[in-house]
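Remarks on the overall topology
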Amino acid sequence: SSTDEYKEKYMNTCIEKYGVDNASKYSIFINKIKTTKIERGIQVENIEDFLYYSRIVRTITKKNKKSLLDKWDGNDYYDNEYIKENFTLNKNHNNYPSIDHKMSCFYGFINGLDTTIISDISNLCITKRIINSKKSQLNEDEFINKN
C-alpha cells in the first residue's frame, strides 16, 4: 500500500467511484464519520455553540489564573513533579505548565453545565502541556483511571 503504483490505482478508483481523489473526502463518508462521533459523544452537533461556550469558559478561566497561580505549590497536579521553573521554557514546549479543567469544557457543554462551574478555580489545576493534551476531553477521574 505504500508503493506509488498502489497509491495511483487507489486515487483513480476513488475518482471513478466517488468523484474525489480520496474516499475520506466523499460527502457520504464525511457525514457517516460525523454521525458516529456524535453518537459516541466525542463530537458535538453544533460546533458554533460549543465554540461560544468554550470561549466563555476561557475568558472566565483567564480571570481566575492569577489566583490559581498564587495558590499553586509548583507541582504538576497529575504526576506531582515540580514544574514551576518550567515557565522559562518556550510556551509550546511539552513540559510548559498549562491550566487544565479537571472536569473538561467538552463535558460541561455536553451536560449543559454553567460555564462558571467549568471555569471555577476549584475545577482548575496546573499540569504540563503534554499531560493536558493527553487528557484532552476526559475528566480527571477518567484520565487517572485510564493511566
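Up top is the structure these notes are about.
In this report, we go over the structure that sits alongside the text. (Residues numbered from 1 in each chain as written. Predicted model: local features only at pLDDT ≥ 70, side-chain atom pairs only at ≥ 80, totals over all residues. Heavy atoms only, no water.)

Time to look at the packing of aromatic side chains. Using the criterion set out here, one finds eleven aromatic pairs in the structure. Judged by centre distance (6.0 Å) and plane angle (85 degrees), the rings of Trp 72 and Phe 87 are edge-to-face. Linking Trp 72 in the loop between helix H3 (47-71) and strand E1 (97-101) with Phe 87 in the loop between H3 and E1, this pair joins segments that are 15 residues apart in sequence. For Phe 87, a relative accessible area of 32% corresponds to the partly exposed category. Note on Tyr 77 and Tyr 78: the rings are 5.0 Å apart at their centroids and 90 degrees apart in plane angle, and the pair reads as edge-to-face. By relative accessible area, which is 18% here, Tyr 78 ends up buried. (Phe/Tyr/Trp six-rings, centres within 6.5 Å; stacked < 30°, edge-to-face > 60°. Helix = DSSP H or I, 4+ residues; strand = E, 2+ residues; numbered from the N terminus. Buried < 20%, exposed > 50% of the residue type's maximum accessible area, 1.4 Å probe, protein only.)

A word on the side chain of Lys 102. Secondary-structure assignment places Lys 102 in the loop between E1 and helix H4 (105-110). It turns out Lys 102 is buried and unbridged, and the closest side chain with the opposite charge, Glu 140, is 5.1 Å from it. Engagement of the side chain of Lys 102 in a polar contact is seen with the backbone oxygen of Ser 122, the distance being 3.3 Å. (Lys, Arg positive; Asp, Glu negative; His and termini not counted. Salt bridge = Lys/Arg side-chain N within 4 Å of Asp/Glu carboxyl O. Polar contact = N/O pair within 3.5 Å; in protein donor to acceptor, adjacent residues only side chain to side chain.)

What follows is about unusual backbone geometry. Not every positive phi belongs to a glycine, and Asn 80 is a case in point at roughly 65 degrees. Summarising the element assignment, Asn 80 is placed in the loop between H3 and E1. On the accessibility criterion, Asn 80 (54% relative accessible area) is exposed. Within the chain, Ser 136 stands out as a residue other than glycine whose phi angle is a positive 50 degrees. Relative to the elements of secondary structure, Ser 136 occurs in the loop between helix H6 (129-135) and helix H7 (140-146). Among the residues examined, Ser 136 registers a relative accessible area of 48% and is labelled partly exposed.

Attention now moves to the state of the cysteines. Covalent bonding between the sulfur atoms of two cysteines is what defines a disulfide. Counted by the stated rule, this structure contains zero disulfides. Cys 105 takes part in no disulfide bond, and the closest cysteine sulfur, belonging to Cys 125, lies 14 Å away. Here Cys 125 falls in the buried class, since its relative accessible area comes to 3%. (Disulfide = S-S within 2.5 Å.)

Below, the discussion takes up the nonpolar core. Ranked by size, the top nonpolar core spans seven residues in total: Val 44, Phe 50, Tyr 53, Val 57, Cys 105, Phe 106 and Ile 118. Contributions of two or more residues to this core are made by H3 and H4. Beyond its immediate stretch of four places on either side in the chain, Cys 105 contacts Phe 50, Tyr 53, Ser 54, Val 57 and Ile 118. Membership of the second largest hydrophobic core comes to five residues, among which are Leu 68, Trp 72, Leu 124 and Ile 126. (Core = buried A, V, L, I, M, F, W, Y, C linked by side-chain atoms within 4.5 Å. Contact = heavy atoms within 4.5 Å.)

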